[in-house]
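Topology and contacts: notes
The primary structure of each chain is shown beneath.
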Amino acid sequence: MTRWTSYIDESRKPYPFCPGCGHGLILDQINAALVKLQIDPRTIVVVLDIGCVSLCREFLTTNWMLGLHGRSVTYASGIKLANPNLKVFVLTGDGGVGIGGNHVINAARRNMGITVVLFNNLNFGMTGGEHSVTTPPDSITSTTEYGHLEQPLDVCATVAANGASYVARTTTFDENLSDLIAAGIANEGFSLVDVWEFCTAYYVPNNRYGRRQMEAMLERLEFRTGVLRSSPRPEYSRAYRQAVAGEAGRPTRPPQPIEARYTSRLSRRVACVISGAAGKKINTAAALLGRAAVGAGLWATQRSDYPVTVKTGYSISEVVLSPERVCYSGVTKPDLLVVLFPEGLARARPHLDTLTPADTLYLDSRLAPVQTAARQVLLDFGQTGAFVRKQEYWATMAVAAVLRDRHLFPLEALEDAIRNQSSYAEENLAAVAASEGLIKSST
Amino acid sequence: MREFITGAEAIGRAALDAGCDFFAGYPITPATPILLYMVKELPKVGGVAFQAEDELASIGMCIGAALSGARVLTATSGPGLSLYSENIGLAIMAEVPMVIVDCQRLGPATGAATTTGEGDVQFLRWGTSGGYPVIVLAPADAVDCYNLTRRAFYLSERFRLPVFVATDKETVATLSAVEMDRYLHEPVPKRNVAPADADHVPYRIGHPAEVPVMSPFGGPHLVRVSGASYNERGSRAWRPAELDRLNRHLAAKVDQAEDEIALVRADLQPGARTVVISYGISSGSVAEAVRLVRREGGEVSGLTVISLWPVPEQAIRDAIRDADRVVVVEMNLGQYRREIERLATDRQQVVGVNRVDGELISPDQILAEGGIL
């Protein structure tokens, strides 16, 4: 059996980090943790964030990926979701946690199986010592010329409060650092190890910062060290697979061919607009009309418009029927205009003005009178028995009334379309039957 | 046999038929139906569909999954595409195959979220830093949504590149009757991966336009992927010659493949002095306008550009060669017209028919504003 003695290419050393920088120390402790755990390097993917930490990549004898600043956790999540058998790491600085904090919180919340090692040197080392989200109060950095006024982000508390299953904080002086990291790797879910270290290029010289100051700072901020949370729970990528296991192998939604069992004598394009109220199945009825037309050998399109609040306001739907393929689905003027409910009347006003005597307005009789040049057909929903109160079927009934009035194609095509739509088929068929007495009068 | 289908369903079905097994996205009108479709359907084929915390994460997860061997789809609209921008750059740089559907809506920023537009046409091409080429396909109808999504998967694998399906609210949301025998079923082959028994150098190529062979994370090889300039081993590149090799390669693999990528639908009429060019949703209106003109005994040609980027220059030049007048119809204020203008000769007049009020361009508007009747 292969024994993995190192996950670092020792021949490439020394590390390129500044003298006294903690990055090399942390990398060596990650290596030590992996050697303890004996994980096949081909199953390891290390995702590196931007910053000095990214320089670690050239030394790794595992798979690695250098992405964009702050997004390392998202790539790591994608890798884990696609292949839960991989051991996925994120090596990031405090800069990466700042710009990508949302991703860190969400990965913790999901308990995504990623081990995040935070190389926390309290400032931006690569770009010139600017302050980061973890820079303590009163620090001197290149971008806090007039004092540092911000509270540092408690990364550990944040992820621990939001579902991370393993959280530890320590410093590069901790002799047990590799054990803390190894425990994080061994945890199947989301782990984060926050390692405080020196940036000897900027933070240390600018703040007269040493080991004593680091430890005092942790105390002053009340940032505890050691294992802060160890609470295993199901890892996301595996939990997802478990949740969907019953779906595997089930047939995907098949194409929905419509057999043209009926014919139509329609010789030209006809635009039917149904204007009604949101939540009243306007769209559903319009789609049924379109499907029915296809079942009668016609071409059709159906488009709709409704406000973002789907249960209030108007709902309007345009159906174009034609013996030729409908290439342009827009409607500049309806030939048939169905208006139901006060919201529908308000929305239909611009259309009403365009109607000519050759067009027909099908009007909810409660909304009459309406001024229009079109022929008017009044629909009296008071005469529909049980459907008087079932307003969500009125649009289907109105569609049936249009077909009864205009004979665009047989009513049976509509009934077939309803039968082929599994939901509420019986009620809709009953609504079609009840539409017989709907037409009150026509002018 | 006909089907009554939305573009969104056609895209989702095409993705499954093309072997897609990973989707990550964030809800956004009008792309949400694709997210819903994938959430429901992908587990049935053993895939993963995921709603991420934002679009930055959506595309990041797609990149990670694609590098781990998945065949990846995501779908968004303009505001989401804005957030995808940085990682589109990474996908170009690291040569990550994925299909991105942009369901365009009207206007900048939030715009008119539930109305249609085609304002992302230049943004899709130039939407990330560096300016390197991508492939953009624009479906004219639901059948195109199916066929071009499948084609996009093929092209994304072939070129290791994000390939865009540039559609719009109208096309994805409108139900329309389609003839089912127009669906194409060209197979999308499995990804060409490096053989297990040979050494693998992640980005080794023989000539600038060659596309390097992938090996997934977790496979037989150690894989290195970088958004920072890299040499053939994936390590940091800094010598001018290495940088030049990388950047010219990223351009050459697309630029030198115009013939392979180019797709147009030409309806040319001999003797016609006017060519009406369109793409996407307006192509249907152009088809009806052309039908009307010819019915009246007039002569006019129509050209639907399907592969918007790279611009199919030869096909467009061929189509407009004999024209005096070129009418470009689009649901923006003339974004693609500038591409046509640079291909037209001095004696050819190029005019636009445009609309940015969320309403579709009608055949009558094309005839009137295009000066065709």
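Residues numbered from 1 in each chain as written. Chains lettered and ligands numbered in written order. Predicted model: local features only at pLDDT ≥ 70, side-chain atom pairs only at ≥ 80, totals over all residues.

**Examining the overall build of chain B**
Our working rule: Here a helix means four or more residues in a row that DSSP labels H or I, a strand means two or more in a row labelled E, and each is numbered from the N terminus. In this treatment the radius of gyration is a C-alpha quantity, and the globule benchmark scales as 2.2 Å times the residue count to the 0.38 power. Exposed residues have 12 or fewer other C-beta atoms within 10 Å of their own C-beta, buried residues have 20 or more, and residues in between are partly exposed; the C-beta atoms are placed from the backbone. What counts as a contact is two residues whose backbone-derived C-beta atoms lie within 7 Å of each other.
Scanning chain B for helices and strands turns up 13 helices and 16 strands. Here the C-alpha atoms of chain B give a radius of gyration of 21 Å, agreeing with the 21 Å that 2.2 N^0.38 yields for 373 residues. With the C-alpha coordinates of chain B rotated into their principal frame, the extents come out at 65 × 45 × 40 Å. Within the span of chain B, comprising 373 residues, buried residues form 58% of the whole. Counting contacts in chain B only where the partners sit at least 6 residues apart, residues at least 24 apart contribute 77% of the total.

**Here we look at the overall build of chain A**
Of regular secondary structure, chain A possesses 14 helices and 17 strands. What you see for chain A is a C-alpha radius of gyration of 34 Å, clearly larger than the 22 Å of a compact globule of 443 residues, by over 25%. Judged by the C-alpha coordinates and their principal axes, chain A covers about 95 × 60 × 40 Å. Counting the 443 residues in chain A, one finds 54% classified as buried. The contacts in chain A between residues at least 6 apart in sequence include a share of 70% that link residues at least 24 apart.

**Some words on the interface of chain B and chain A**
Between chain B and chain A, the contact holds 58 residues from the first and 56 residues from the second. By residue number, the principal contributor to the side of chain B that touches chain A is helix 3 (residues 55–67) of chain B, which donates 9 residues.

**So, the environment of Ser77(A)**
Residue and element names in this part refer to chain A. Its location among the elements puts serine 77 in helix 2 (residues 72–82). Judged by the 33 C-beta atoms lying within 10 Å of it, serine 77 is buried. Each C-alpha atom of the pair serine 77 and aspartate 305 lies 37 Å from the other, and the pair is 228 residues apart in sequence.

**A look at the domain arrangement of chain B**
Residue and element names in this part refer to chain B. Let me state the cut-off plainly: Domain start and stop positions are those given by an automatic or database domain assignment. In this classification, the charged set is Asp, Glu, Lys and Arg, the nonpolar set is Ala, Val, Leu, Ile, Met, Phe, Trp, Tyr, Cys and Pro, and all remaining amino acids, among them Gly, are polar.
Per the domain assignment, the segments of chain B are domain 1 (2–182) and domain 2 (265–369). Taken together, the 25 residues of domain 1 in the interface contact 19 residues of domain 2. Elements represented by at least two residues in the side of domain 1 that touches domain 2 include exactly strand 6 (112–116), helix 5 (121–126), strand 7 (135–137), strand 8 (162–168) and helix 7 (169–173). Top contributing element to the side of domain 1 that touches domain 2 by residue count: helix 5, with 4 residues. In terms of residue class, the side of domain 1 that touches domain 2 is made up of 13 nonpolar, 7 polar and 5 charged.

**Considering the environment of Val294(A)**
On the secondary structure map, Val294(A) appears in helix 10 (residues 282–295). Separated by 36 residues in sequence, Val294(A) and Ile258(A) have C-alpha atoms that sit 6.8 Å apart. For Val294(A), the contacting residues outside a window of four places in its chain are Ile258(A), Ala300(A), Arg2(B), Phe4(B) and Ala177(B).

**Here's the deal with the environment of Met217(A)**
All names here are of chain A. Relative to the helices and strands, methionine 217 resides in helix 8 (residues 211–220). Overall, the presence of 19 C-beta atoms within 10 Å leaves methionine 217 in the partly exposed class. Note: C-alpha distance between methionine 217 and proline 137 (80 residues apart in sequence) is 9.6 Å.

**A closer look at unusual backbone geometry**
Here Ala368(A) and Pro369(A) are connected by a cis peptide whose omega angle stands at 0°. Checked against the element boundaries, Pro369(A) lands in the loop between strand 15 (360–364) and strand 16 (375–379). In this chain, Thr29(B) is followed by Pro30(B) through a cis amide linkage whose omega measures 0°. Following the sequence through the fold, Pro30(B) ends up in the loop between strand 2 (22–25) and helix 2 (32–41). The residue Arg160(B) is not glycine, and still its phi comes out positive at about 45°.

**A look at the sheet that holds strand 14 (residues 336–339) of chain A**
Threshold: Criterion used throughout: strands pair if DSSP finds at least two bridges between them.
Spatially, 10 strands are ordered 10(A)-1(B)-9(B)-12(A)-13(A)-11(A)-14(A)-15(A)-16(A)-17(A) in an open sheet, and the strand pairing comes out mixed. Edge positions in the sheet fall to strand 10 (257–258) and strand 17 (439–442) of chain A, since each of these pairs with one other strand and no more. Where strand 16 of chain A meets strand 17 of chain A, 3 bridges bridge the pair, whose relative direction is antiparallel. Counterpart to Leu379(A) in the pairing with strand 17 of chain A is Ile439(A).

**Concerning the pairing of strand 14 of chain A**
Residue and element names in this part refer to chain A. Note the following rule: Handedness rule for crossovers: strands pointing away from the viewer, path from the first strand over the helix to the second running clockwise, crossover right-handed.
Residues of strand 14 alternate between two faces, with Leu336 and Val338 on one and Leu337 and Val339 on the opposite face, all of them buried. Across 4 bridges, strand 14 lies against strand 15 in parallel orientation. Each residue of the ladder has a partner; that of valine 339, found in strand 15, is leucine 363. Once you follow strand 14 into helix 11 (residues 341–352) and on to strand 15, the crossover reads as right-handed.

**Focus: the domain arrangement of chain A**
Partitioning chain A into structural domains gives domain 1 (10–244) and domain 2 (270–442). Measuring from the centre of the C-alpha atoms in domain 1 of chain A to the corresponding centre in domain 2 of chain A gives 60 Å.

**Here's the deal with the sheet that holds strand 4 (residues 114–120) of chain A**
Which entries qualify depends on this criterion: In this description, a line fitted to the C-alpha atoms serves as the axis of each element, helices being fitted only across the stretch in contact, and the angle between N-to-C directions of two axes falls anywhere from 0 to 180 degrees.
Strand order in the open sheet formed by 8 strands is 9(A)-7(A)-8(A)-4(A)-3(A)-1(A)-2(A)-10(B), and the pairing between neighbours is mixed. The strands lining the two open edges of the sheet, one partner per strand, are strand 9 (226–230) of chain A together with strand 10 (224–226) of chain B. Neighbouring strand axes in the sheet, compared pairwise and without regard to direction, differ in orientation by 15° on average. Pairing of strand 1 (residues 44–48) of chain A with strand 3 (residues 87–93) of chain A involves 5 bridges; the strand directions are parallel. Counterpart to Val46(A) in the pairing with strand 3 of chain A is Phe89(A).

**Focus on the pairing of strand 9 (residues 175–179) of chain B**
Residue and element names in this part refer to chain B. Among the 5 residues that make up strand 9, 4 are buried, leaving the element largely enclosed by the rest of the structure. With 4 bridges connecting them, strand 1 (residues 2–5) and strand 9 associate as antiparallel partners. Bridging across to strand 9, isoleucine 5 finds its partner in serine 176.

**Concerning helix 12 (residues 394–406) of chain A**
Within an α-helix, residues lying three or four positions from one another point in the same direction, as the helix has 3.6 residues per turn. Residues and elements named next belong to chain A. Heads up, the condition is: Take the residue count of a helix, subtract one, and multiply by 1.5 Å to get its expected span.
With 13 residues, helix 12 extends 18 Å from end C-alpha to end C-alpha; this agrees with the ideal 18 Å at 1.5 Å per step. Across the 13 residues that make up helix 12, a large majority, 10, are buried. Within the sequence span of helix 12, burial applies to Trp394, Ala395, Thr396, Met397, Ala398, Val399, Ala400, Ala401, Val402 and Leu403. Two residues or fewer after helix 12 comes histidine 407, characterised by a positive phi angle close to 50°.

**A word on the packing of helix 2 of chain A against helix 4 (residues 101–110) of chain A**
All names here are of chain A. Helix 4 packs onto helix 2 with a crossing angle of 35° between their chain directions and a minimal axis gap of 8 Å. Of helix 4, the residues touching helix 2 (which contributes Val73, Thr74 and Ser77) are His103, Val104 and Ala107. Class assignment for the residues of the contact of helix 2 with helix 4 results in 3 nonpolar, 3 polar and no charged.

**So, the confidence of the model for chain B**
Regions with low pLDDT should not have their predicted coordinates read in detail. How we decide: Scored between 0 and 100, pLDDT is the confidence that the predictor attaches to each residue.
For chain B, the average pLDDT comes to 97, and 100% of its residues sit at 70 or higher. This prediction of the complex comes with two scores: 0.97 for pTM and 0.98 for ipTM.

**Side note on the packing of helix 10 of chain A against helix 12 of chain A**
Residue and element names in this part refer to chain A. For clarity, the threshold we go by: Roughly parallel means an angle under 35 degrees; roughly antiparallel means over 145; roughly perpendicular covers 65 to 115; every other angle is labelled oblique. For a crossing to be left-handed, the near helix must be turned anticlockwise from the far one by less than a right angle; the clockwise case is right-handed.
At a closest axis distance of 8 Å, the pairing of helix 10 and helix 12 adopts a crossing angle of 30°. Classed by the angle they form, the pair helix 10 and helix 12 counts as roughly parallel. As helix 10 runs across helix 12, the sense of the crossing is right-handed. Side by side, helix 10 and helix 12 meet where Ile282, Ala285, Leu288 and Leu289 of the first sit next to Ala395, Thr396 and Val399 of the second.

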